[in-house]
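# What the coordinates show
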Amino acid sequence: MASDWLPQRCGKVRGMGKSFDIGLERLTGAGVPPLGETQEGGLKPPLQDAGATGSTFYLETFGCQMNDHDSEKVAGVLLARGYRQVDGPEAAKVILYNTCSIREKAAQKVFSRLGELRPADDQEGKSLNTEDTEKEHRVHRDGRVMEKNHPSLRKIVNAGGGKIIGVLGCVAQQEGEEIFERAPWVSLVCGSASYRKLPQLIAELEAGNRRVTGLDTDTDETFETEITRRDNPWRAYLTIIEGCDKACSYCVVPFTRGPERSRASASILEEVRRLAEAGYSEVQLLGQTVNSYADPSAGKMRFSELLATVAEVRGIRRVRFTTSHPRDFGKDIVEAIEAHPTICDHVHLPVQSGSTAVLRAMARTYSREEYLEKIALMKAARRPISITTDMIVGFPGETEKDFEETLSLLDEVQYDSVFAFKYSPRPNTPSLKMPDAIPEEEKGRRLAILMDRQREIQRVRNEKLVGETFEVLVDGKSRRENQWSGHTSSNRVMNFASPERELLGDYVQVKAVSAMPNSLVGEMVGRA
Ligand code: 5AD
Ligand code: SF4
């Protein structure tokens, strides 16, 4: 199946292809190399040809797994309406950016992309106010023109052809119509809850409207349907809960994705069955706080019951879920994992800080000790559970002692992977007004120390796995002959050798022969 597609090895920004886990974006966003190389192994879907007639779209995705999956929904909606997807903006009638605003750098990226599309004769736009685009403006004004960097993109807009340029996702939701002020060549701004309306919004533009928006946040229209265009032939993503009610003091998500809305359990299960019938063997249940799932139907299935029921669907061999919030993480979830080998032995449980004082300032709703109780539940499980986390360094007021408590938490928990970020002040968030900001340089220092410490922990942990045999779902083929890659149930990347001609999508047994901090190297020893 699709054996001629090689995995994309960069998860930072995606055009047509895929990158699978949140992590790479997070780590590269933090300006450090990824620790969790569990991030990818995706396959590009075949592109549909851009014909001379019919509407075409180009879709580029920034940010997390939720955004990746949202893009699958957007593509599905447009394909179902007869649009064709193309792999570059040049051939597209509609250019869409699905954006991320979790940290400032991520949000800036889209404005710098939009700067690339600025028409040469545009006098209207305000400064896009990002480092990249400011630089481009200067270059532009003194005559050394942007073509130097982006010739094709400049031609795209200047060639006219009535292209529609749209901003989707979190930046769209956050900035709203302000985007039209900053980049007047944008004509469509649409948040994640309104993607089903996209064809209608585009039709309005084609009918002569200059600007359209879809900015509701509290609809449940974000849940996918049979038309979601899935990029990965084996792993299917499924949003089971949208939005977030947790209100962490640093986070924009409650503003950009709105309040929590859960999808009815029967509808989720029906879709899982359909996916299994269509040949997907792995499902990943998604939500900003996936384990806060609250079944809106009469049955009121708990998250752990939903997990168990999904795990029992015939044809499903792996069930993953992300991201869990510590407050709603209980013994019942660990028991579901223990009882169902199909549920992967991996839990992503963001802690953010090892200091109770900082956790309080972050409004995380738990102390260090309470978090450690959740970790203890997993450590006591009958089968080993791989634990990963997110951490923020340099939160306002974080003292050296607080930071040391974060480091000691690393030692205590022994995470399998950590996604670490420098604190980034975000619009509208309570922490924006907090005193005692940490200088950027100091944040960078703390981040580097944290990453070094964690890298060593991972190296030691992975080395202990050498000699063990793992079941691997093969999802990547290297350009080098006989080299493959895939993920273990614990979500580790396994690179391995095998002379087999075709393995993509297969479950195989691989013996680890050496270890790196972010991946294992192995040899195939049989089929699973
Ligand atoms: N600054 C830095 N990191 C952040 N995250 C969320 N908001 C911010 C912010 N303002 C991180 C958290 C979260 C992950 C998705 O992104 O660690 O778990
Ligand atoms: Fe943001 Fe906190 Fe909600 Fe996670 S739980 S999405 S960090 S507000």
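About the criteria used
Residues numbered from 1 in each chain as written. Chains lettered and ligands numbered in written order. Predicted model: local features only at pLDDT ≥ 70, side-chain atom pairs only at ≥ 80, totals over all residues. Heavy atoms only, no water. Helix = DSSP H or I, 4+ residues; strand = E, 2+ residues; numbered from the N terminus. Buried < 20%, exposed > 50% of the residue type's maximum accessible area, 1.4 Å probe, protein only. Contact = heavy atoms within 4.5 Å. Areas by Shrake-Rupley, 256 points an atom, 1.4 Å probe, with all protein chains shown as cover. Expected span 1.5 Å × (residues − 1). Arc of directions from axis to C-beta. Near = heavy atom within 4 Å. Polar contact = N/O pair within 3.5 Å; in protein donor to acceptor, adjacent residues only side chain to side chain. Nonpolar A, V, L, I, M, F, W, Y, C, P; charged D, E, K, R; others polar. Salt bridge = Lys/Arg side-chain N within 4 Å of Asp/Glu carboxyl O. Core = buried A, V, L, I, M, F, W, Y, C linked by side-chain atoms within 4.5 Å. Axes fitted to C-alpha atoms, helices over the stretch in contact; angles between N-to-C directions. Parallel < 35°, antiparallel > 145°, perpendicular 65-115°, else oblique. Left-handed = near helix turned anticlockwise from the far one by under 90°. 1 Å grid on protein atoms, 1.4 Å probe; cavity = no way out; pocket = protein on both sides within 12 Å on 5 of 7 lines; lining within 4 Å. Points joined across faces, edges and corners; volume = space filled by probe spheres on them. Pairing = 2+ DSSP bridges.

## Some points on the overall build of the protein chain
Helix and strand content of the protein chain: 16 helices and 21 strands. Within the span of the protein chain, comprising 528 residues, buried residues form 60% of the whole. The contacts in the protein chain between residues at least 6 apart in sequence include a share of 73% that link residues at least 24 apart. Of the roughly 20800 Å² of accessible surface on the protein chain, 49% is carried by carbon and sulfur atoms.

## Things to note about helix α15 (residues 400–413)
Spanning 14 residues, α15 covers 20 Å between terminal C-alpha atoms, matching the ideal 20 Å at 1.5 Å per step. Those residues of α15 not exposed but buried are Asp402, Phe403, Thr406, Leu407, Leu409, Leu410 and Val413. Down the axis of α15, the buried set is contained in an arc of 150°. They therefore lie on one face. Elements that come into contact with the buried residues of α15 comprise α13 (356–361), α14 (368–379), β15 (386–393), β16 (417–422) and α16 (440–463). Downstream of α15 by one or two residues, Gln414 has phi in the positive range, about 60°.

## Things to note about the site of ligand 1
Not every one of the 12 residues close to ligand 1 is listed here, only the nearest: Arg103, Tyr250, Gln352, Asp390 and Ser424. Arg103 has a polar side-chain atom sitting 3.0 Å from an oxygen atom of ligand 1. A distance of 2.6 Å separates an oxygen atom of ligand 1 from a polar atom in the side chain of Gln352. When the free accessible area of ligand 1 is taken as 410 Å², the share hidden by the protein chains comes to 91%. Counting only elements with at least two residues in the shell around ligand 1, the list comes to β15 and β16. Each residue belonging to the shell around ligand 1 can be placed in one class, and the counts come to 5 nonpolar, 2 polar and 5 charged.

## A look at the pattern of salt bridges
A full pass over the atoms with the stated rule returns 40 salt bridges. Of the charged contacts in the structure, one is a salt bridge between Arg446 and Glu398, with a shortest N-O distance of 2.8 Å. Of this pair, Arg446 sits in helix α16 while Glu398 sits in the loop between β15 and α15, placing them 48 residues apart in sequence. A single burial state applies to Arg446 and to Glu398, both of which are buried. With its nearest N and O atoms 3.4 Å apart, the salt bridge here joins Arg455 to Asp452. Here Arg455 pairs with Asp452, and both are found in helix α16, just 3 residues apart, close to one helical turn. Residue classification places Arg455 among the partly exposed positions, given a relative accessible area of 25%. Each of the salt bridges in this network shares a partner with another, and the network as a whole consists of Arg235, Glu282, Arg317, Arg318, Arg320 and Glu471.

## Section: the site of ligand 2
Close to ligand 2 lie Cys244, Lys246, Ala247, Cys248, Tyr250, Cys251, Val253, Pro254, Gln288, Thr289, His325 and Arg364, which account for all nearby residues. Of the residues assigned to the shell around ligand 2, the class counts are 7 nonpolar, 3 polar and 2 charged.

## A look at the nonpolar core
Core analysis: the largest hydrophobic core is formed by 56 residues, its most contacted members being Ile240, Leu285, Leu306, Phe321, Met378, Tyr415 and Leu450. Listed in part, the 23 residues of the second largest apolar core include Cys100, Ala107, Val110 and Leu117.

## Looking at the packing of α14 against α15
The geometry of α14 relative to α15 is characterised by a closest axis approach of 12 Å and an angle of 15° between their N-to-C directions. Taken as axis vectors, α14 and α15 run roughly parallel relative to one another. Relative to α15, α14 is oriented so that their crossing is right-handed. The segment α14 lies against α15, with Arg368, Tyr371, Leu372, Ile375 and Lys379 engaging Glu405, Ser408, Leu409, Glu412 and Val413.

## A short note on α16
Between its first and last C-alpha atoms α16 spans 34 Å; for 24 residues at 1.5 Å apiece the expected length is 34 Å, and the two agree. The complete set of buried residues in α16 reads Glu442, Lys443, Arg446, Leu447, Leu450, Met451, Gln454, Ile457, Gln458 and Asn462.

## Let's talk about the layout of surface pockets
Its boundaries defined by the atoms lining it, the second largest pocket holds a volume of some 480 Å³. Around the second largest pocket, the lining comprises 23 residues; the ones closest to its centre are Pro384, Ile385, Ser386, Ser490 and Arg492. Mapped by element, the contributors of at least two residues to the lining of the second largest pocket are α14, β15 and β17 (469–477). Here the lining of the second largest pocket takes 3 residues from β17, the largest share from any one element. Its residues assigned to classes, the lining of the second largest pocket comprises 8 nonpolar, 6 polar and 9 charged.

## Remarks on the sheet that holds strand β14 (residues 346–348)
Spatial ordering of the open sheet is given by β14-β15-β16, a layout of 3 strands whose pairing is parallel. Among the strands making up the open sheet, the edge pair consists of β14 and β16. In this sheet, neighbouring strand axes are inclined to one another by 15° on average, regardless of whether the strands run parallel or antiparallel. Inspection of the sheet shows β15 paired to β16 by 6 bridges, in the parallel sense.

## Focus on the sheet that holds strand β13 (residues 318–322)
Read from one edge to the other, the open sheet built from 4 strands follows the order β11-β10-β12-β13, with strand pairing classed as mixed. Two strands in the sheet have a free side with no partner beyond their single neighbour: β11 (261–262) and β13. As defined by bridge partners, strand β10 (residues 235–242) adjoins β11 across 2 bridges and the pair is classed as antiparallel. Across the sheet, Ile241 pairs through a bridge with Ser262, a residue of β11. Along the sheet, helix α10 (residues 265–277) contacts β10 and β12 (282–287); its crossing angle with β10, the most-contacted strand, is approximately 175°. Each of β10, β12 and β13 is contacted by helix α11 (residues 303–311), which is oriented at about 150° to β13, the strand it contacts most.

## Quick notes on the pairing of strand β7 (residues 164–168)
In terms of residue burial, β7 counts as a mostly covered element, since 5 of its 5 residues are buried. Side-chain alternation along β7 places Ile164, Gly166 and Leu168 on one buried face and Ile165 and Val167 on a second face that is also buried. Alignment of strand β6 (residues 94–99) against β7, held across 5 bridges, turns out to be parallel. Within β7, the residue paired with Asn98 across the bridge is Leu168. Of the pairings in the sheet, the one linking β7 to strand β8 (residues 188–190) comprises 3 bridges and is parallel in character. In the sheet register, Gly166 faces β8, and the bridge partner there is Leu188.

Scope: geometric values only; no functional claims are made or implied.
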